[in-house]
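Each chain, written out:
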Amino acid sequence: MRAGEGTAAESRPAGRGPPLPVQVEPSSVRLVSTLATAGAVAGLAIVLVFQWANPRIEAHQARVLTAAITEVLGGPDRYETLFVEGGGLTFTPVADTAGLDRVWVGYDRAGRAVGIAAAAGEPGFQDVIRLIFGYDPSSGRVLGMKVLESKETPGLGDKIEKDSMFVREFEGVSTPLLGVKSARATGDDAEVVMITGATISSRAVVDIINHRLEAIGASMGAFWRGEVARAEAREAARSGGAP
Amino acid sequence: MSPTPTTGVQVLSRGVWRENPVFVQLLGLCPALAVTNTVANSLAMGLATFFVLLGSSVLVSVAKDWIPKQVRISAYILVIATFVTIADLVLAAVVPDIHKALGAFIALIVVNCMILGRQEAFASKNPVGRAVLDAVGTGAGFIVALVAIGGFREVLGYGSFLGVPLLGPAFEPWVVMILPAGGFFTLGFILLGFGWWEARRANSVRPRRWMNEATVTVEAPR
């Protein structure tokens, strides 16, 4: 069928040429049922592909998270998920875990807690920067930082994740962090030297960590004291029980 | 536009070069500018679009007699959107890093007028075999265009091609080529080249003597 054939045939004046077939308008039921059938088939196809793809997508996200936690906590032996509930951190929340904010505590081979990893996001220069950082509540120092998501300017702002000098600035820096320009750096423990040409992005990274610690730093400290006490009790029980 | 092609080979080849969707028809420019900062991204975007175009063309060509013309555009969009969703899920499952780099542009393949255009102009009026040839030709043309832009931008913007360093450590990357402006510059230069090549070809095809005679006959009555 050529485009416009029907319209041209209908508009030809009567009395010229042979009688033309009358174009029958399809009923509304036909139109609706055509689209409904197409929609149903499309839905089915998408559901089938989703069932195949979703476990793979979730497995990948879990792998990325595990890699990030391992990196910012300096390679712990294992880690556990902690939920932020009622101003404290707990392994077993009362509420449904789906809506709860979470952090991750890493343990070394001996079962001692080595640090807590927390993720956070705030607007950077282009879009929200999401990052994860490791924190040691006993010394109040950051253990490491890794950017999870950013759309900062390639070549400038994206140095917050690609410039290894800047990323290494966060290893062992004490909190609250202090973002300084390189010319004004004094060598203070809390100083993070910002990237020239990417001041807004660098400052955003510093602020994200500071704000997150302001929000849950106290709960982390309380959890940590409990964790240390438990570890000591375990040690005591072990040495007491030994012959 | 070239005359309606008759042979299968012509249907296949015109989309790649003479009616290239990006360089000649100027369709699908949004992804062609937005995600072509590296060859890998260009290739992934091109392949995803190719898959959607091919799948939609086959389905539209098969179902063309059952779709009333009053609801054809809605039906085509439904078919295209389904293939785009499938492409989106498969990319996220198989190549998550590239899926992340392409971001929203995978979902935006739905509104790529090149795809809807091929359904309305070709697949809905031709048998499946020719619809496949048309989709393969146009899809390949789109991949060629995206990889050409992506190659140019990656070589100058990162000094590499498909992630393989080409220009050595002394090369200072042209950051502008990775930014959106670099996409516009590159497309502009390629269109300029295409226009120049087309004009040269048109001139060389015309016989000199005939052209001189024609000039004379036009000017003679004055």
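Details of the structure are given in the entry above.
Below is a short write-up of the structure. By convention here, each chain's residues receive numbers from 1 onward along its written sequence. Chain A is the first chain written and ligand 1 is the first ligand written, with later ones labelled in order. Confidence filtering applies because this is a predicted model: local features only for residues at pLDDT of at least 70, side-chain atom pairs given and counted only at 80 or more, and all residues used for totals across whole chains, interfaces and linings. Values shown for side chains rest on all heavy atoms present in the structure; no hydrogens or waters enter the calculation.

## As for the overall build of chain A
- Along chain A, the regular secondary structure elements total five helices and eight strands.
- Each helix is a run of H or I in the DSSP string that is no shorter than four residues. Each strand is a run of E no shorter than two, and both are numbered from the N terminus. In chain A, the order of α-helices and β-strands from amino to carboxyl end is α-α-β-β-β-β-β-β-α-α-β-β-α.
- Here chain A holds 243 residues, and 34% of them are scored as buried.
- Considering only contacts in chain A between residues 6 or more positions apart, those separated by 24 or more positions represent 51%.
- If you sum the accessible surface of chain A, you get close to 14,200 Å²; carbon and sulfur atoms cover 56% of it. Note on exposure labels: buried denotes an accessible area under 20% of the residue type's maximum, exposed denotes more than 50%, and partly exposed covers the range between, all computed with a 1.4 Å probe on protein chains only. Contact criterion: two residues are considered in contact whenever any of their non-hydrogen atoms come within 4.5 Å of each other. Reported accessibility uses the Shrake-Rupley method at a 1.4 Å probe radius. Residues are deemed covered only where the shown protein chains occlude them.

## Quick word on the packing of helix α4 (residues 72–94) of chain B against helix α6 (residues 113–121) of chain B
Residue and element names in this part refer to chain B.
- Their axes nearest at 10 Å, the elements α4 and α6 cross at an angle of 130°. On the basis of their axis angle, the class for α4 and α6 is oblique. Here α4 and α6 pass one another in a crossing that is right-handed. Residues R72, I73, Y76, I77 and I80 of α4 pack against I115, L116, Q119 and E120 of α6.
- Each residue is assigned to one of three groups, with Ala, Val, Leu, Ile, Met, Phe, Trp, Tyr, Cys and Pro labelled nonpolar, Asp, Glu, Lys and Arg labelled charged, and all others, Gly among them, labelled polar. The residue makeup of the contact of α4 with α6, split by class, is six nonpolar, one polar and two charged. Each axis is a line fitted through C-alpha atoms, and for a helix only the stretch in contact is used; angles between axes span 0 to 180 degrees, taken between their N-to-C directions. By the definition adopted for this analysis, an angle is roughly parallel if under 35 degrees, roughly antiparallel if over 145, roughly perpendicular if from 65 to 115, and oblique otherwise. Throughout, a crossing is termed right-handed when the near helix is turned clockwise from the far one, and left-handed when it is turned anticlockwise from it by less than a right angle.

## Brief notes about the pairing of strand β3 (residues 102–107) of chain A
All names here are of chain A.
- Burial analysis of β3 places five of its six residues in the buried class, the great majority of the element.
- Strand pairing is assigned whenever DSSP detects at least two bridges linking the two strands. Inspection of the sheet shows strand β1 (residues 78–85) paired to β3 by six bridges, in the antiparallel sense. Residue pairing for β3: R78 is matched across the bridge by Y107.
- Sheet topology note: the β3/strand β4 (residues 113–123) ladder contains five bridges and is antiparallel. Across the sheet, the residue bridging to Y107 is A113, located in β4.
- Taking the residues that link successive antiparallel strands as the turn, the β3-β4 hairpin has five residues, and the phi of G111 there is positive, at about 90°.

## Regarding the sheet that holds strand β6 (residues 141–149) of chain A
Residues and elements named next belong to chain A.
- One open sheet accounts for six strands, arranged β2-β1-β3-β4-β5-β6; its pairing is antiparallel. At either margin of the open sheet sits one strand with a lone partner, and together these are β2 (88–90) and β6. Looking at each pair of strands side by side, their axes are set apart by 30° on average, direction ignored.
- Pairing analysis gives seven bridges linking strand β5 (residues 128–136) to β6, with the strands arranged antiparallel.

## Section: the nonpolar core
- Residues belong to one nonpolar core when they are buried, are Ala, Val, Leu, Ile, Met, Phe, Trp, Tyr or Cys, and are joined through side-chain atoms within 4.5 Å. In this structure, M145, F170, I209 and M220 of chain A are the most contacted members of the largest nonpolar core, which totals 35 residues.
- If you list the elements that add at least two residues to this core, you get β1, β3, β4, β5, β6 and α5 (199–241) of chain A.
- If one sorts the elements of this core by residue count, α5 of chain A sits on top with 10 residues.
- If we skip the residues at most four places from it in the chain, M220 of chain A touches L89, V103, I116, A118, Y135, P137 and L213 of chain A.
- In terms of nonpolar packing, the next biggest core, distinct from the first, is built from 30 residues, L33, V52, V84 and I115 of chain B among them.

## Topic: the interface of chain B and chain A
- Of the residues lining the interface, 23 residues belong to chain B; the matching set on chain A comes to 25 residues.
- Overall, the association of chain B and chain A removes approximately 2,000 Å² of surface from exposure, summing both partners, and the carbon and sulfur fraction of that is 78%.
- One side-chain nitrogen of Lys or Arg within 4 Å of one carboxyl oxygen of Asp or Glu is enough to make a salt bridge. Here chain B and chain A share zero salt bridges between them.
- Within 3.5 Å is the distance limit for a polar contact, defined as a pair of N or O atoms, with the added protein rule that one can donate a hydrogen and the other accept it, and that residues adjacent in sequence qualify only through two side-chain atoms. Where chain B packs against chain A, one counts three residue pairs in polar contact (both at pLDDT 80 or more).
- Listing elements by their share of the side of chain B that touches chain A, those giving two or more residues are α4, α5 (96–102) and α8 (175–178) of chain B.
- No other element matches α4 of chain B, which puts 11 residues into the side of chain B that touches chain A.
- Partitioned by chemical class, the residues of the side of chain B that touches chain A number 16 nonpolar, four polar and three charged. Buried area counts how much accessible surface, traced with a 1.4 Å probe, disappears from two parts once they are put together, with both parts' losses summed.

Keep in mind these numbers describe shape, not what the thing actually does.
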